[in-house]
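Listed below are the residues making up each chain.
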Amino acid sequence: FGCAWNPLNACELITACQDGLVRLYDYSNDVTMPLKTFEGHQAKIYNVIFSPVLKGIFASAGDDRAIRIWKADGGPTSTAICGGENIKNSHT
């Protein structure tokens, strides 16, 4: 549903997908498969965006009413900052 180029690395693109996964692509080579897949949302994801100032950090927002912060160079887990299980003041 959404995608964003990394403003600090023009070869990286992230996508927000209906299957609830975020995928990171690196177009510096000829590989068309995702470099990494990130899991954490419980429903489809509508938007993703890279931080314009923090290298390798991006956020995603989905139908599960959660906003998640990710490290592109980290593991496939995230930190939910709003929404999701056991987080007060979720988006409604």
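Note: the structure precedes this text.
Draft legend 1. Just the overall build of the protein chain, in detail. In terms of helices and strands, the protein chain carries 0 helices and 8 strands. Each helix and strand of the protein chain, placed in order from N terminus to C terminus, yields the pattern β-β-β-β-β-β-β-β. Taking all 92 residues of the protein chain together, 38% fall into the buried category. Expressed as a percentage of contacts within the protein chain between residues at least 6 apart in sequence, the contacts between residues at least 24 apart total 32%.

Draft legend 2. Summary view of the pattern of salt bridges. Applying the stated criterion across every chain, the model contains 1 salt bridge. Salt-bridge contacts for Asp19 lead to Arg23; the nearest nitrogen and oxygen are separated by 2.7 Å. Residue classification places Asp19 among the partly exposed residues on the basis of a relative accessible area of 46%. Assessed through its relative accessible area of 18%, Arg23 is described here as buried.

Criteria and thresholds
Residues numbered from 1 in each chain as written. Predicted model: local features only at pLDDT ≥ 70, side-chain atom pairs only at ≥ 80, totals over all residues. Heavy atoms only, no water. Helix = DSSP H or I, 4+ residues; strand = E, 2+ residues; numbered from the N terminus. Buried < 20%, exposed > 50% of the residue type's maximum accessible area, 1.4 Å probe, protein only. Contact = heavy atoms within 4.5 Å. Salt bridge = Lys/Arg side-chain N within 4 Å of Asp/Glu carboxyl O.

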